[in-house]
Amino acid sequence: MSRRPVIAGNWKMHNLQQEAADLTNGIMQELRAEDKAALPEVVIAPTFTALYAANKALKDCGCGKVRLAAQNCYFETKGAFTGECSVEMLKDAGCEYIIIGHSERREYFGETDEMVNKKAVKILAEGLVPIICCGESLEQREAGVTDYHIASQITKALRGISAADVAKSIIAYEPIWAIGTGKTCDSVEANRVISMIRNVVKGLYDANTADAIRILYGGSVKPATIKEQMAQSDIDGALVGGASLTADSFAQIVKGAM
Ligand code: PEP
């Protein structure tokens, strides 16, 4: 089974509206000469307040080479949930993907595996694609519980979701100690963990579902690292933080995944 690569840029809490429009336009400019069919799925995830500006830039360009994601959502449809944004609202704002369970949300905002599961269920029910993040801390890695921890995160995140919906979903393996640190996980090791995740999906579902789901690596991905990462058997792309904040480095990563 050949899986289409995905390169997703997580802008985190960066970029005012004009900056988001400029970065979106810059990325599209960098990708202008590339054949759309040869590109990976290219996704950008601005913060909520910049979604409109980024979406407008994407629509004005009309090249269809870049798609929009949100960095978080709430699992309820509407109501008295001050400060939250529903999946419907994000879809209305042009999002096709939503990142959930990022380690920063788990650490600073108390996002639990159960919340990640509810969000994934809601995102899929609305026809969007969840990008489900998982990953171990340095302490967990040193204690030798990486695989156990990640298998548990994935099993809980996918609870109650059909095989067909899992096949459409995206998982991002992001060792916490590699996020924003400049310390990339060794590609062979990242591939080993990602194969383990694929095996977990196979155990929960079947071989076809495990073959179909895209599993990305995230953690200090840079233009210099992407080729080696993409050469691994099970790494289907990257979730990129810092290096997605300039058009040139993000486009180099996209091109490195072609
Ligand atoms: C991330 O936040 O998802 C991430 C991988 O960040 P960075 O690329 O900066 O490590």
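Residues numbered from 1 in each chain as written. Predicted model: local features only at pLDDT ≥ 70, side-chain atom pairs only at ≥ 80, totals over all residues. Heavy atoms only, no water.

Novice: I keep staring at the overall build of the chain and nothing clicks. Help me out?
Specialist: When its secondary structure is counted, the chain shows twelve helices and eight strands. The C-alpha atoms of the chain give 17 Å as radius of gyration, which agrees with the globular expectation for 258 residues (18 Å, within 12%). Referenced to the eigenvectors of the C-alpha coordinate spread, the extents of the chain come out at roughly 45 × 45 × 35 Å. Of the contacts formed within the chain by residues at least 6 apart in sequence, a portion of 75% connects residues at least 24 apart. If you sum the accessible surface of the chain, you get close to 11300 Å²; carbon and sulfur atoms cover 53% of it. Of the charged side chains in the chain, 28 are positive and 32 negative, and the gap between their average positions amounts to 4 Å. (Helix = DSSP H or I, 4+ residues; strand = E, 2+ residues; numbered from the N terminus. Rg over C-alpha atoms; globule rule 2.2 N^0.38 Å. Contact = heavy atoms within 4.5 Å. Areas by Shrake-Rupley, 256 points an atom, 1.4 Å probe, with all protein chains shown as cover. Lys, Arg positive; Asp, Glu negative; His and termini not counted. Charge placed at Lys NZ, Arg CZ, Asp CG, Glu CD.)

Novice: Is there a simple way to explain the site of the ligand in this structure?
Specialist: As a matter of local geometry, the ligand sits amid 14 residues, with Lys12, Glu174, Gly180, Ser220 and Gly241 nearest to it. Residue His102 places a side-chain N or O atom 2.9 Å away from an oxygen atom belonging to the ligand. Within the backbone of Gly180, an N or O atom sits 2.7 Å from an oxygen atom of the ligand. Contact with the protein chains hides 95% of the accessible area of the ligand, taken as 290 Å² for the molecule alone. (Near = heavy atom within 4 Å. Polar contact = N/O pair within 3.5 Å; in protein donor to acceptor, adjacent residues only side chain to side chain.)

Novice: Sorry if this is basic, but what is going on with the side chain of His102 here?
Specialist: Counting through the fold element by element, His102 comes out in the loop between β4 (97-100) and α4 (103-109). Apart from the residues lying within four places of it in its own chain, the contact partners of His102 are Asn10, Lys12, Cys133, Glu174 and Ile179.

Novice: Got a minute to help me understand unusual backbone geometry in this structure?
Specialist: When glycine is set aside, most residues are seen to have a negative phi, and most peptide bonds are trans. One non-glycine residue with positive phi stands out, namely Lys12, at about 50 degrees. Its location among the elements puts Lys12 in the loop between β1 (6-10) and α1 (17-30). The phi dihedral of Asn15 falls on the positive side, at around 80 degrees, and the residue is not glycine. Take Asn15: it is sitting in the loop between β1 and α1.

Nothing here speaks to function; it is geometry throughout.
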